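So you can see what is in the structure, the chains are spelled out below.
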Amino acid sequence: MIEVVSTTPFTDQKPGTSGLRKKVKVFQQPDYAENLIQSVFDVLEGFAGKTLVIGGDGRFLNREVIQIALRMAAANGFGRVLVGQGGILSTPAASHVIRKYGAFGGLVLSASHNPGGPDEDFGIKYNIGNGGPAPEAVTEAIYARTLAIDAYRTLRAPDVDIDTPGTCELGGMTVEVIDPVADYADLMESLFDFAAIRAMLGAGFTMSFDAMSAVTGPYAKEIFEVRLGAPAGTVVNGTPLPDFGHHHPDPNLVHARALHERMMGPDAPDFGAASDGDGDRNLIIGKGQYVTPSDSLAVLAANARLAPGYAGGLAGIARSMPTSGAADRVAEGLGIPLYETPTGWKFFGNLLDAGMVTICGEESAGTGSDHVREKDGVWAVLLWLNVLAARKVGVAAIMADHWAQFGRNYYARHDYEGIASERADALMAALRASLPDLPGRATPAGAVSAADDFAYTDPTDGSVSARQGVRVLFADGSRAVFRLSGTGTQGATLRVYIERYEPAGGNLALDTGDALAPLIAAAEAVAAIREYTGMDRPSVIT
Ligand code: G1P
Ligand code: ZN
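What counts and how
Residues numbered from 1 in each chain as written. Chains lettered and ligands numbered in written order. Predicted model: local features only at pLDDT ≥ 70, side-chain atom pairs only at ≥ 80, totals over all residues. Heavy atoms only, no water. Helix = DSSP H or I, 4+ residues; strand = E, 2+ residues; numbered from the N terminus. Rg over C-alpha atoms; globule rule 2.2 N^0.38 Å. Buried < 20%, exposed > 50% of the residue type's maximum accessible area, 1.4 Å probe, protein only. Areas by Shrake-Rupley, 256 points an atom, 1.4 Å probe, with all protein chains shown as cover. Lys, Arg positive; Asp, Glu negative; His and termini not counted. Charge placed at Lys NZ, Arg CZ, Asp CG, Glu CD. 1 Å grid on protein atoms, 1.4 Å probe; cavity = no way out; pocket = protein on both sides within 12 Å on 5 of 7 lines; lining within 4 Å. Points joined across faces, edges and corners; volume = space filled by probe spheres on them. Nonpolar A, V, L, I, M, F, W, Y, C, P; charged D, E, K, R; others polar. Right-handed = clockwise from strand over helix to strand, strands pointing away. Pairing = 2+ DSSP bridges. Donors = N, O, S within 2.8 Å, 3.2 Å for Na, K, Ca; no water. Tetrahedral: all angles 85-135°; square planar, octahedral: opposite > 155°, others 65-115°. Core = buried A, V, L, I, M, F, W, Y, C linked by side-chain atoms within 4.5 Å. Contact = heavy atoms within 4.5 Å. Near = heavy atom within 4 Å. Polar contact = N/O pair within 3.5 Å; in protein donor to acceptor, adjacent residues only side chain to side chain. Sits in = over half its atoms within 2 Å of the grid points. Salt bridge = Lys/Arg side-chain N within 4 Å of Asp/Glu carboxyl O.

S.K.: Help me out: how do you make sense of the overall build of the protein in this one?
M.R.: Counting secondary structure elements, the protein contains 17 helices and 27 strands. Whereas a compact globule of 542 residues would reach a radius of gyration of roughly 24 Å, the protein reaches 23 Å, a difference of no more than 12%. Seen through its C-alpha atoms, the protein measures out along the principal axes to roughly 70 × 60 × 40 Å. Counting over 542 residues, the protein shows a buried share of 58%. Within the structure as shown, the protein displays about 19300 Å² of accessible surface, and the carbon and sulfur contribution to it stands at 51%. Between the mean site of the 44 positive side-chain charges and the mean site of the 63 negative ones, the protein shows a separation of 1 Å.

Laid out in C-alpha cells, this is it:
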C-alpha cells in the first residue's frame with residue numbers, strides 16, 4: 001500500500017513570515033505540495049502513532065491538498081488525523097484543536113489574508129504541539145530539507161470522505177472528521193461573559209460582522225447569532241467560498257471598505273468587525289470610530305479583567321516591534337512587563353508557553369491571548385463585546401477615555417506593493433548601510449536621534465533573530481520603521497510604519513494624516529522611497 005515516490009527538490013520552498021505561500025499554480029505542480037509535506041515530516045521526530053490535525057480556510061486547492069496530506073500522514077506513520085469537516089478549520093480553531101486533543105502538531109492550509117482562487121494564493125504552515133506556528137529553527141530545518149529531498153511517502157488509496165463527521169481508516173491510520181466549530185465555540189464561551197453580551201444584544205445593541213466569504217462565517221454564525229442571540233443577518237458574507245467571492249479577505253480599511261463606510265454612515269450599527277481568510281485577524285470599528293489594531297491591543301489589555309477568563313489579570317503583554325507603543329503605556333500602568341518581538345506570531349509562542357505574557361498583538365490586525373497559540377479574530381471581537389457589555393458605553397467613548405488616560409499613539413502603515421525584488425532589496429541595503437550616518441541627520445520631522453536594525457533575543461531560549469526591520473527614531477519618541485513583507489507571493493512589498501506619540505493632555509483629536517505628515521515625509525526622504533520604487537505614494541495605507 002505504501003508508495004515511496006522519487007522526487008527532486010524545488011528551490012523556492014523557503015517558509016516566510018507565516019508558512020509557505022505561493023500561487024495556486026505553483027502548488028499545482030506535480031510533487032510540489034508532496035515535497036513540502038514530506039520535508040515537514042522528515043524534520044519531525046517521534047510522531048509514530050501520534051495525532052496530527054489538518055484543516056484549512058477552505059480556499060481553492062484546500063480539499064485536494066488535504067487528501068494528499070492525509071495519505072502522506074498515514075504513509076509516514078501517524079496514528080490518527082483530526083480533520084475539520086469539509087476541510088475547514090480556522091487558524092485559531094486549528095490551534096485549539098491541537099492543544100485540546102494533545103496532538104503532535106498540525107498542518108494549517110491557508111494563505112491567510114491573501115486572495116484565493118485558481119490564479120491566486122495557497123499556503124501550508126506547520127504548527128507544533130503547543131498549537132502555534134513552528135519556530136524559526138524548525139522552519140529553517142524544513143527549508144533545508146526541501147533542498148535535499150529525494151523521495152516522499154504516500155499511499156495508493158481513494159479519497160477520504162471529509163464531509164461526513166465520524167471515523168474511518170486509512171492505511172492503518174484513523175481519520176476523524178470533526179465539527180470544526182464546536183470545540184472553538186465552547187472555548188470562547190469559557191472565556192467570556194456570554195450572558196452579559198446576550199443581554200446587551202437583547203437590549204438593542206446592534207452589530208455587524210463581515211466574514212469576507214472566508215472561514216469565520218460558520219464560527220461567527222454559531223457564536224454571535226446562535227449562542228449570543230444576535231439577529232440573523234448580523235454575520236454578512238458568512239459562507240466560506242473557494243475564491244472568497246473575489247473579496248480580498250484582509251480586514252483593513254481598503255478591503256473592508258463597505259463595512260467602514262457603513263460604520264461611518266448615519267445608520268451605523270453600534271459595533272462593526274471583520275476577520276480575514278483564515279480567521280486570525282480582526283478589524284474593529286465602532287459607530288463613527290475606527291480603532292487601529294495597535295490601539296485595540298492596548299484597549300483590550302487595559303480592560304481584559306472585565307472578562308471572566310482574564311479576571312485574574314495579565315502576566316504581561318507582547319507586541320511585534322512595528323506595532324505602536326500604545327500597549328507599552330498600558331503595561332506600565334498595570335505594572336506588568338512588555339515584550340517587543342519581531343514581526344510574526346511565531347515569536348509569541350515561547351513567551352506564552354512560559355507564562356510570561358497573557359495578551360499579544362500586532363499592528364497587522366492580529367490580537368490574541370494564551371487561550372491558543374495563534375492570533376484570533378473572533379476572540380478579539382468577543383473581548384471587545386465583553387468590555388462594551390461591562391462598561392456600558394460605546395467604542396468612541398472607550399477610545400476617548402483611553403487616550404485621555406494614556407495619551408495617543410498616532411499610527412499608520414504605508415505599503416508599497418509590487419516592487420521589483422532587486423529594487424526593494426537595494427532600498428533596504430542602502431538604508432542599512434546608512435544607519436551609522438543617520439543620527440543627527442535633518443528631516444522634515446526634525447533630526448534623527450537614533451537608528452538601528454532590530455534584533456531580538458528570545459528571553460526563554462536565548463535564540464537570536466537579527467535583521468528584523470530598520471528603526472529610525474526621533475527625539476520625541478516618534479519613529480519610522482522599514483521592513484520587507486515576508487508573506488507576499490509576487491515581487492516585494494515595502495512596509496513603512498509611522499508613529500508619533502501625543503501625551504495625555506495634548507492634541508488627542510488630530511486627523512491621523514495631519515498628525516503624521518512630517519514623519520511620512522521624513523520616512524520617504526530617509527529611505528529614498530521614490531528613487532528606489534518609482535512610486536510617489538503607497539499602494540495601501542492602513
Ligand atoms: C504580515 C504582517 C505580520 C503577520 C503576518 C501573518 O507579515 O505584517 O504582522 O504576522 O502577515 O499574518 P509580512 O507580510 O509583513 O511579513
Ligand atoms: Zn490570517
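S.K.: What am I meant to see in unusual backbone geometry here?
M.R.: A negative phi holds for most residues other than glycine; trans holds for most peptide bonds. The backbone phi angle of His246 is positive, close to 65 degrees, even though this residue is not glycine. Along the polypeptide, His246 turns up in the loop between strand 11 (235-236) and helix 9 (257-264). Take His246: its relative accessible area is 71%, and that puts it in the exposed class. Unlike most non-glycine residues, Arg467 shows phi in positive territory, near 55 degrees. When you line up the elements, Arg467 lands in the loop between strand 23 (464-465) and strand 24 (470-474).

S.K.: How do you make sense of empty space enclosed by the protein when you look at a structure like this?
M.R.: Empty pockets left among the atoms are what a rolling probe the size of a water molecule brings to light. Scanning the model with the defined rule gives three cavities of 30 Å³ or more in all. Here the largest cavity defines a volume of roughly 310 Å³. Considering only residue class, the lining of the largest cavity consists of four nonpolar, eleven polar and 13 charged.

S.K.: Explanation requested: the pairing of strand 4 (residues 80-88) in the structure shown.
M.R.: In terms of burial, strand 4 is a largely internal element, seven of the nine residues being buried. Since strand 3 (residues 51-56) and strand 4 lie parallel, the crossover through helix 3 (residues 62-75) that links them has a hand, and here it is right-handed. As judged from the five bridges shared by strand 4 and strand 9 (residues 173-178), these two strands associate in the parallel manner. Across the sheet, Gly84 pairs through a bridge with Ile178, a residue of strand 9.

S.K.: So what exactly am I meant to see when it comes to the coordination of the zinc ion (ligand 2) here?
M.R.: When a metal holds four donors in a tetrahedron, each ideal angle between them is 109.5 degrees; when it holds six in an octahedron, the ideal angles are 90 or 180 degrees. Within the protein, the zinc ion (ligand 2) binds to Ser112 (OG), Asp276 (OD), Asp278 (OD) and Asp280 (OD); these donor distances fall in the range 2.0 to 2.1 Å. Given four donor atoms and angles of 86 to 159 degrees at the metal, the environment of the zinc ion (ligand 2) is assigned as irregular. Between consecutive donor residues of the zinc ion (ligand 2), the sequence gaps follow S-x163-D-x1-D-x1-D. Placement of the pair is Ser112 in the loop between strand 5 (105-109) and strand 6 (121-127) and Asp280 in the loop between strand 12 (271-275) and strand 13 (282-286), with a sequence separation of 168 residues. Overall, Ser112 belongs to the buried group, its relative accessible area being 3%.

S.K.: Just to check I follow, could you spell out the nonpolar core for this structure?
M.R.: The nonpolar side chains of soluble globular proteins are, as a tendency, buried together. Within the largest apolar cluster, 72 residues are counted, with the highest numbers of intra-cluster contacts made by Phe192, Phe224, Phe271, Trp379, Leu382 and Trp384. With eleven residues, the top contributor of residues to this core is helix 13 (residues 377-391). Discounting chain neighbours no more than four positions away, the residues touching Phe192 are Ile197, Ala307, Pro308, Tyr310, Trp379, Leu382, Leu383 and Asn386. Residues Phe10, Ile162, Leu170 and Val175 belong to the second largest nonpolar core, which totals 43 residues.

S.K.: I'm lost on the sheet that holds strand 21 (residues 446-453) in this one. Help?
M.R.: Backbone-to-backbone hydrogen bonds pair the strands of a sheet. The strands run either parallel or antiparallel. Spatial strand order, 20-21-24-25-26-19-27: seven strands in an open sheet with antiparallel pairing. A single partner strand is all that each edge strand has here, and the edge strands are strand 20 (442-443) and strand 27 (540-541). The pairing of strand 20 with strand 21 spans two bridges and is classified as antiparallel. Across the sheet, residue Ala442 finds its bridge partner in strand 21, namely Ala447.

S.K.: What is the right way to look at the site of ligand 1 in this model?
M.R.: Taken together, 15 residues sit near ligand 1, with Thr17, Ser364, Ser485, Gly486 and Thr487 positioned nearest. Thr17 places a polar side-chain atom, nitrogen or oxygen, 2.5 Å from an oxygen atom of ligand 1. One of the side-chain N or O atoms of Arg483 is found 2.6 Å from an oxygen atom in ligand 1. With the chains in place, 98% of the 380 Å² that ligand 1 exposes on its own is no longer accessible. Assessed atom by atom at 2 Å from the grid points, ligand 1 resides in the largest cavity.

S.K.: Any chance you could explain the layout of surface pockets here in plain terms?
M.R.: In this structure, the second largest pocket occupies an estimated 310 Å³ of space. Elements represented by at least two residues in the lining of the second largest pocket include exactly strand 14 (289-291), strand 19 (408-419) and helix 16 (512-527). It is strand 19 that contributes the most residues to the lining of the second largest pocket, six residues altogether. The class makeup of the residues in the lining of the second largest pocket is eleven nonpolar, seven polar and three charged.

S.K.: Sorry if this is basic, but what is going on with the environment of Met173 here?
M.R.: If you trace the backbone, Met173 turns up in strand 9. A relative accessible area of 0% means that Met173 is categorised as buried. Distance in space between the C-alpha atoms of Met173 and Arg391 is 50 Å, their sequence separation being 218 residues. Sequence-distant contacts of Met173, defined by excluding residues within four places in its chain, comprise Leu70, Ala73, Ala74, Phe78, Gly79, Arg80, Val81 and Cys168.

S.K.: Looking at this model, I keep getting lost on the side chain of Asp276. Mind explaining?
M.R.: Here Asp276 is to be found in the loop between strand 12 and strand 13. Although buried, Asp276 forms no salt bridge, and the nearest oppositely charged side chain, Arg281, lies 4.2 Å from it. Of note is the side chain of Asp276, whose polar atom sits 3.0 Å from the backbone nitrogen of Gly279. With residues up to four places along the chain from it excluded, the contact list for Asp276 reads Ser112, His113, Ala214, Val215, Pro249, Asp250, Pro251 and Arg281.

Spatial relationships are all this shows, so hold off on functional conclusions.
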